[in-house]
Amino acid sequence: MASIIESGWTYLITNFSDFQLACLGSFLLHESVFFLSGLPFIYLERAGWLSKYKIQMKINSTEAQSKCISRLLLYHFCVNLPVMIASYPVFRFMGMRSSLPLPSWKVMSTQILFYFIVEDFIFYWGHRILHTKWLYATPFGLTSEYAHPAEILFLGFATIFGPAITGPHLITLWLWMVVRVLETVEAHCGYHFPWSPSNFLPLYGGSDFHDYHHRLIYTKSGNYSSTFVYMDWLFGTDNGYRKLKALKNEEEEGGYKEH
């Protein structure tokens, strides 16, 4: 497996420049992972499949979904891509490289864990400060990056800050991007499945946790965390969510006793 990855990477660095890989390659990877993981949830909702796992019963209209996709493409090309290009000199200055040898899995996993911790901290405070009424939407997968450009810039900063200060290998940056995109699409998918990561990973927020954030009046929603929920727990901004979960559990237990 390692030799296959190394052979593929050798092809990339032989045929493309560092700039092309770091900017255009990162952008294409982001778009591919984001839309390939997010679009299936649109079809699930339209077809009514697996509806018993849908968190909110409200169905987003086809018009709203189409508007979301067109806005996302506009934001990605007019905000995300320019930011990637503009930040390239910073990453290079901090030591980012694409050359062989590739970093070990231990190095990559340690760096990505650090990125999650940094991203969670910055995202929590940025999300809490910037959360305003015009950001509300009933979540479906692609709403994970559907926001005002100012929020995209500020909260996107949370995602790239960790890599920017560590100067990782480009493949580590790509792996971090893939994991982060998949996580944020899952958190906004609007479905809570038996196989959802939050059922198995301690402190992981996931779709049910984040969906609560979209259900309430924008100034009182809480649940501002990105991936892991420890920031909301520390500052008490998940109290409403936990009370609601406790009430639901009591209702379910009461229903079982009646039967």
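An unreviewed UniProt entry lists the protein chain under the name Fatty acid hydroxylase, from Cynara cardunculus var. scolymus. Regarding the protein chain, the UniProt comment filed under Subcellular location (unreviewed entry) reads as follows: "Membrane".

Asks: Quick question: what am I supposed to make of a nonpolar patch on the surface here?
Replies: On the surface, Trp 49, Leu 50, Trp 195, Phe 200 and Leu 201 cluster together into a nonpolar patch covering about 620 Å² of accessible area. Take Phe 200: it is sitting in the loop between helix H6 (170-187) and helix H7 (206-215).

Asks: Quick question: what am I supposed to make of the UniProt feature "transmembrane region" (unreviewed entry) in the protein chain here?
Replies: In the numbering used here, UniProt assigns the "transmembrane region" (unreviewed entry) feature to residues 21-43, 72-91, 112-130 and 150-176. Along residues 112-130 the backbone is 100% helical and 0% strand, and the end-to-end C-alpha distance reaches 26 Å.

Asks: Can you help me understand the packing of helix H4 (residues 105-130) against H6 in this one?
Replies: Packed helices, taken two at a time, are described by the angle their axes make and the gap between the axes. The N-to-C vectors of H4 and H6 enclose an angle of 50 degrees; their axes lie 10 Å apart at closest approach. Relative to H6, the element H4 lies oblique. Every pair of crossing elements has a handedness; the one defined by H4 and H6 is right-handed. Across the interface between the two elements, Trp 105, Met 108, Gln 111, Ile 112, Tyr 115, Phe 116, Glu 119 and Phe 123 from H4 touch Ile 171, Thr 172, Leu 175, Trp 176, Val 179 and Arg 180 from H6. Counted by class, the contact of H4 with H6 contains 10 nonpolar, two polar and two charged residues.

Asks: It is not clear to me how the environment of Tyr 115 should be interpreted in this structure. Could you clarify?
Replies: If you trace the backbone, Tyr 115 turns up in helix H4. Here the alpha-carbon distance between Tyr 115 and Thr 159, two residues 44 residues apart in the chain, equals 7.5 Å. Not counting the four nearest positions on each side in its chain, Tyr 115 is found in contact with Gly 162, Pro 163, Thr 166, Pro 168, Thr 172 and Trp 176.

Asks: How should I be thinking about helix H3 (residues 62-93) in this particular structure?
Replies: For the α-helix, the turn length of 3.6 residues means that residues three or four positions removed from each other point alike. Here H3 contains 32 residues, and its C-alpha end-to-end distance of 45 Å stays within 8% of the 46 Å for a straight helix at 1.5 Å per residue. Taken as a whole, H3 carries its principal kink of about 40 degrees at Ser 87; the proline Pro 89 stands between one and four residues after it. Residues Gln 65, Cys 68, Leu 72, Tyr 75, His 76, Val 79, Asn 80, Leu 81, Met 84, Ser 87, Tyr 88 and Phe 91 constitute the buried set of H3. Remark: Gly 95 follows H3 within two positions and exhibits a positive phi of approximately 110 degrees.

Asks: Sorry, what's going on with the environment of Gln 20 here?
Replies: Counting through the fold element by element, Gln 20 comes out in helix H2 (residues 18-47). Residues Gln 20 and Ile 85, spaced 65 residues apart in sequence, show a C-alpha to C-alpha distance of 9.6 Å.

Asks: What's the story with the packing of H2 against H3 in this structure? I'm lost.
Replies: In contact at an axis separation of 10 Å, H2 and H3 are set at 160 degrees when each is read in the N-to-C sense. The pairing of H2 with H3 is recorded here as roughly antiparallel in orientation. Of the two possible hands of crossing, H2 and H3 adopt the one that is right-handed. A breakdown of the residues in the contact of H2 with H3 according to their chemical character gives 17 nonpolar, seven polar and five charged.

Asks: Would you explain unusual backbone geometry in this entry?
Replies: With the exception of glycine, most residues fall at negative phi, and the peptide bonds are largely trans. In the segment running from Leu 100 into Pro 101, the intervening peptide bond is cis, with an omega of 5 degrees. For Pro 101, the location among the structural elements is in the loop between H3 and H4. Even without glycine at this site, Asn 223 takes up a positive phi of about 50 degrees. Following the sequence through the fold, Asn 223 ends up in the loop between H7 and helix H8 (230-235). Judged by its relative accessible area of 0%, Asn 223 falls in the buried class.

Quick notes on the rules
Residues numbered from 1 in each chain as written. Predicted model: local features only at pLDDT ≥ 70, side-chain atom pairs only at ≥ 80, totals over all residues. Heavy atoms only, no water. UniProt positions renumbered as here; feature names shortened; annotations may be inferred. Patch = residues over 30% accessible without salt bridge, like charges linked within 9 Å, V, L, I, M, F, W, Y side chains within 5 Å. Areas by Shrake-Rupley, 256 points an atom, 1.4 Å probe, with all protein chains shown as cover. Salt bridge = Lys/Arg side-chain N within 4 Å of Asp/Glu carboxyl O. Helix = DSSP H or I, 4+ residues; strand = E, 2+ residues; numbered from the N terminus. Axes fitted to C-alpha atoms, helices over the stretch in contact; angles between N-to-C directions. Parallel < 35°, antiparallel > 145°, perpendicular 65-115°, else oblique. Left-handed = near helix turned anticlockwise from the far one by under 90°. Contact = heavy atoms within 4.5 Å. Nonpolar A, V, L, I, M, F, W, Y, C, P; charged D, E, K, R; others polar. Expected span 1.5 Å × (residues − 1). Bend = angle between axes of the 7 residues up to and from the residue. Buried < 20%, exposed > 50% of the residue type's maximum accessible area, 1.4 Å probe, protein only.

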